[in-house]
Amino acid sequence: MTVELPVTGTDIWYYFICKRECWLMIHRIAPDEEDENLEIGRFIHEYRLGRQKKELSVDSVQLDRIKKVGDHLIVQEIKKSSRFLESSRYQLLYYLQTLKKMGIEAKGELVFPEERKKESVILTPEEERVLDRAVAEIRHIARQPVPPPPKKINYCRKCAYRDYCWAGEE
Ligand code: SF4
């Protein structure tokens, strides 16, 4: 029997940004740990969650925060910026789908503390189909012996792998 690669919310996030980065993260190729964007991201994450609050692990996903509003369960995902909204949305939708498979119905809320913004996220059948395709493709990418070739996108300028992908280029 083949054991399927557990796909995490972070894999989903990277998949919607850059498939090469997704491969590099899954294969644990270390990015530049000194990169300022990694540092700021970590700081916001730790500061906003607070020392007393812990992430909740469910299956292969880690939820930032869960709260109950009336009869609804709301899963919050905290992000540094709303710039990569599509990736952030699908990451949170993946959490909602994972909970749904466990019989737990929940809504989502993206929280951007630096921008003092929130956005509601609802799982629909169409979003579920997109996620199922993404998970299948992530598993396919992960099985490849080498990463997909780099493609220059806006995110490259902020990416901790930029030296790895583009060393020697302008
Ligand atoms: S530098 Fe660009 S191509 Fe390379 S992993 Fe990052 S986003 Fe992808």
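Here, every reference points to the structure presented above.
Each value, and the rule that gives it
- Residues numbered from 1 in each chain as written.
- Predicted model: local features only at pLDDT ≥ 70, side-chain atom pairs only at ≥ 80, totals over all residues.
- Heavy atoms only, no water.
- Helix = DSSP H or I, 4+ residues; strand = E, 2+ residues; numbered from the N terminus.
- Buried < 20%, exposed > 50% of the residue type's maximum accessible area, 1.4 Å probe, protein only.
- Contact = heavy atoms within 4.5 Å.
- Areas by Shrake-Rupley, 256 points an atom, 1.4 Å probe, with all protein chains shown as cover.
- Near = heavy atom within 4 Å.
- Nonpolar A, V, L, I, M, F, W, Y, C, P; charged D, E, K, R; others polar.
- Expected span 1.5 Å × (residues − 1).
- Phe/Tyr/Trp six-rings, centres within 6.5 Å; stacked < 30°, edge-to-face > 60°.

Sorry, what's going on with the overall build of the chain here?
Across its full length, the chain holds six helices and six strands. The linear arrangement of helices and strands in the chain, starting from the amino end, is α-α-α-β-β-β-β-α-β-β-α-α. In the chain, which comprises 170 residues, the proportion classed as buried is 41%. Relative to all contacts within the chain whose residues are 6 or more apart in sequence, the contacts with residues 24 or more apart total 67%. If you sum the accessible surface of the chain, you get close to 10800 Å²; carbon and sulfur atoms cover 51% of it.

What exactly am I supposed to notice about the site of the ligand here?
Within the structure, the ligand sits among Cys18, Glu21, Pro150, Lys151, Tyr155, Cys156, Cys159, Tyr161, Arg162, Cys165 and Trp166. The dominant element in the shell around the ligand, judged by the number of residues it contributes, is helix α6 (residues 162-166), at three residues. A class-by-class count of the residues in the shell around the ligand yields eight nonpolar, no polar and three charged.

Even after reading the chapter, I still don't get helix α4 (residues 85-101), so can you show me in this structure?
A turn of α-helix holds 3.6 residues, and therefore any two residues three or four places apart point the same way. Between its first and last C-alpha atoms α4 spans 24 Å; for 17 residues at 1.5 Å apiece the expected length is 24 Å, and the two agree. Within α4, twelve of the 17 residues are buried, leaving the element largely enclosed by the surrounding structure. Those residues of α4 that fall on the buried side of the exposure criterion are Ser87, Ser88, Tyr90, Gln91, Leu92, Leu93, Tyr94, Tyr95, Leu96, Gln97, Thr98 and Leu99. Once α4 ends, the next one or two residues include Gly103, with phi positive near 90 degrees.

Any chance you could explain the packing of aromatic side chains here in plain terms?
What characterises a pair of aromatic rings is the spacing of the ring centres plus the angle enclosed by the ring planes. Enumeration according to the criterion identifies seven aromatic pairs in this entry. Consider the rings of Phe16 and Tyr90, whose centres lie 4.4 Å apart with planes at 10 degrees: the pair is stacked. Here Tyr90 lies in helix α4 and Phe16 lies in helix α1 (residues 9-17), a separation of 74 residues in the sequence. Just as Phe16 is buried, Tyr90 falls in that class too.

I would appreciate a short explanation of the side chain of Ser87 in the present structure.
Tracing the chain through its elements places Ser87 in helix α4. Given the relative accessible area of 2%, Ser87 is considered buried. Every residue in contact with Ser87, bar those within four places of it in the chain, is listed here: Trp13, Phe16 and Ile17.

Is there a simple way to explain unusual backbone geometry in this structure?
Glycine aside, negative phi is the norm for most residues, and most peptide bonds take the trans geometry. At Arg28, a position not held by glycine, the phi torsion is positive, near 55 degrees. The topology assignment puts Arg28 in the loop between α2 (19-26) and α3 (36-49). Of note in the backbone geometry, Arg116 takes a positive phi value of approximately 50 degrees without being a glycine. Within the element layout of this structure, Arg116 appears in the loop between β5 (107-112) and β6 (117-121). Classification of Arg116 as exposed rests on a relative accessible area of 78%.

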